[in-house]
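Chain and residue survey
Take a look at the letters that make up each chain.
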Amino acid sequence: MTTQTVPPASPVPPAAPAPAKTPPLRILMTVLHLAGLGVIGAFALTMLSGLLGLGLGLILVVGVGLLFLVGFVYLFYATAWFEVARASSLYRLDLPPLRWRGSPHTGFGGWLHSLWRQLIDGRTWRAIANFVIACIMGAIVLRLFEGMIRSAIAAFAPLTGAETVTIPFFGAETAIGWAPVLGAIGVVVSAAAIVGLALLHRVLTRAIVVANREAELTEQVRTTSAQREGAVRAADVERTRIERDLHDGVQPRLVSVGMTLGLAQQKIDTDPDAAKQLIGEAHTSTKAAITELRQLARGIHASVLDDRGLDAALSALASRSHIPVSLDVRMNGRCSRDAEAAVYFSIAESLTNAAKHSRASECRVVVRLREGGTLWARVEDNGMGGAQVQPGGGLDGVSNRVLAAGGTFRLDSPQGGPTSLEVSVPCAS
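Note that the structure is predicted; figures quoted are calculated from it, not measured.

Across the protein, the average pLDDT comes to 76, with 73% of residues at or above 70. Note on residues 1-21: pLDDT under 50 across the span, and 62 contacts to partners over four residues away in sequence or across chains.

Here it is in structure tokens:
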């Protein structure tokens, strides 16, 4: 089974917003978040530790523990994803969502590798650390809430006629005359501690979950370098393809036309009929050369893509295909020209390969404009499979073009088929 993946140029984390005054509503929302985590946090952490303990304890029992360890990794990732989304929404940090770290390998080994990559992902661990701290803070907030309510009740103890009362945070029984004062102090102290925990949670979240500026700049440089390298390689592969097509296709045909016309010129006086036949052959070859030049130009730039959009361009592409193509395009609006061009030429190359090499009898093309501004496409044929990305080949050009646009490319082509190619490109590329 052959699966090849070009990893995406990782999204560049936005710069951390400048510190600003925390409005009262934001503090209230933080307190509610902490209280909620104080309730559900213990359950979530118990589930994580339980799965980890069962997995390690039963790993030698016919591998049963592996199932629990797999469940632990997925719950670990889900908890981290939730924490990143929660922090981003609560403090409007505009953080990129936590994404599952795939593997370039295939089969069962590739799946295990993806689990391992996710387990050692630093961003996932930072999110889990923030989640644990927030749960501990949440448990403290709940106790402070309880203490504040009990202090408020104790402040009105003189109305009950009791002689003594126990004030929270003070412990020992106190004369009833001190109850209003000590109860009010307990309420104020509890409220202040709750607000302080909310502010501390904000500071810790920004320090733990949000990447620092140096990491952002490093990631930005890496992303830009990867995209530039992909663009250079894509241009080199495209130039090589054009040179090959001209040298192997149009050039020999034009040479043949010239030779045929030369023969016709020699026979036009002595054998007019043969000359006419040669001129007819030259005319046919000229039309074929013109067709090849049009196809070559279309491979360099699809004008219909600019004029009428990706849907119309793919419809024209499917109509020219040598094998039947089932086309399913659902787009609400347009993407950038680079994104649409990358997807268009990826599909065009896939259909060309299916017609030339795969012995496929049909192809299915699905294109979607997904939420979040991502253009996704999948091409699948029922051919013999075994396709691979060869340096300088058409699929290599596709992968480089997609990488230059900031997208992802995945080829899955086991021996015996089917072959599927998926590309995903951000619309703003």
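Closest axis-to-axis distance for the helix α1 (residues 24-57)/helix α4 (residues 122-155) pair is 7 Å, and the angle between their directions is 115°. With respect to α4, the element α1 is oriented roughly perpendicular. Two packed elements cross with a definite hand, and for α1 against α4 that hand is left-handed. The residues of α4 that touch α1, namely those facing V31, L34, A35, L37, G38, V39, G41, A44 and L45, are F131, V132, A134, C135, M137, G138, A139, V141, L142 and F145. A per-class count over the contact of α1 with α4 returns 16 nonpolar, three polar and no charged.

Quick look at the pairing of strand β7 (residues 408-412) now. Burial along β7 is one-sided: F409 and L411 are buried, and none of T408, R410 and D412, which face the opposite way, are. Two elements, β7 and strand β8 (residues 419-426), share five bridges in a ladder whose sense is antiparallel. If you follow R410 over to β8, its bridge partner there is E422. In sequence, β7 turns back onto β8 through a hairpin of six residues, with G416 there showing a positive phi of about 95°.

This brings us to the packing of aromatic side chains. The description of an aromatic ring pair uses the distance of the two centres, along with the angle that the planes make with each other. All told, the structure shown has six aromatic pairs when counted by the stated rule. An angle of 90° between the planes, with centres 5.1 Å apart, marks the rings of Y77 and W100 as edge-to-face. Of the two residues, Y77 sits in helix α2 (residues 64-91) while W100 sits in the loop between α2 and α3 (107-119), which places them 23 residues apart along the sequence. A residue is classified by how much of its surface remains accessible, and Y77, at 16% relative accessible area, is buried. The class for W100 is partly exposed, based on a relative accessible area of 28%. Clustering of aromatic rings is evident, with ring pairs tying together F72, F76 and W125.

Residue placement: E83 occurs in helix α2. One polar contact links E83 to N130, side chain to side chain, over a distance of 2.5 Å. Look past the residues within four positions of E83 in its chain and what remains in contact with it is A127, N130 and F131.

Attention now moves to a nonpolar patch on the surface. A cluster of nonpolar side chains, V39, I40, W81, F82 and L142, forms an exposed patch at the surface whose accessible area comes to about 450 Å². Inspection of the secondary structure assignment puts I40 in helix α1.

What follows covers the pattern of salt bridges. Throughout the structure, instances matching the rule amount to seven salt bridges. One salt bridge connects D328 with R330, and the closest N-O pair in it is separated by 3.3 Å. Since its relative accessible area comes to 15%, D328 is described here as buried. One salt bridge connects D328 with R364, and the closest N-O pair in it is separated by 3.8 Å. Linking D328 in strand β4 (residues 325-330) with R364 in strand β5 (residues 363-370), this pair joins segments that are 36 residues apart in sequence.

Of all hydrophobic cores here, the largest spans 34 residues; its most connected members are L314, V343, I347 and V367. Secondary structure elements with two or more residues in this core: α9 (310-320), α10 (337-356), β5, β6 (374-381), α11 (394-404), β7 and β8. A total of ten residues in this core trace back to one element, the largest contributor, which is α10. In contact with L314, not counting residues within four places along its chain, are L327, V329, Y344, I347 and V367. Core analysis: the next-biggest nonpolar cluster, separate from the first, contains 19 residues, F72, L98, L115 and V210 among them.

Rules used throughout
Residues numbered from 1 in each chain as written. Predicted model: local features only at pLDDT ≥ 70, side-chain atom pairs only at ≥ 80, totals over all residues. Heavy atoms only, no water. pLDDT = per-residue confidence, 0-100. Contact = heavy atoms within 4.5 Å. Axes fitted to C-alpha atoms, helices over the stretch in contact; angles between N-to-C directions. Helix = DSSP H or I, 4+ residues; strand = E, 2+ residues; numbered from the N terminus. Parallel < 35°, antiparallel > 145°, perpendicular 65-115°, else oblique. Left-handed = near helix turned anticlockwise from the far one by under 90°. Nonpolar A, V, L, I, M, F, W, Y, C, P; charged D, E, K, R; others polar. Buried < 20%, exposed > 50% of the residue type's maximum accessible area, 1.4 Å probe, protein only. Pairing = 2+ DSSP bridges. Phe/Tyr/Trp six-rings, centres within 6.5 Å; stacked < 30°, edge-to-face > 60°. Polar contact = N/O pair within 3.5 Å; in protein donor to acceptor, adjacent residues only side chain to side chain. Patch = residues over 30% accessible without salt bridge, like charges linked within 9 Å, V, L, I, M, F, W, Y side chains within 5 Å. Areas by Shrake-Rupley, 256 points an atom, 1.4 Å probe, with all protein chains shown as cover. Salt bridge = Lys/Arg side-chain N within 4 Å of Asp/Glu carboxyl O. Core = buried A, V, L, I, M, F, W, Y, C linked by side-chain atoms within 4.5 Å.

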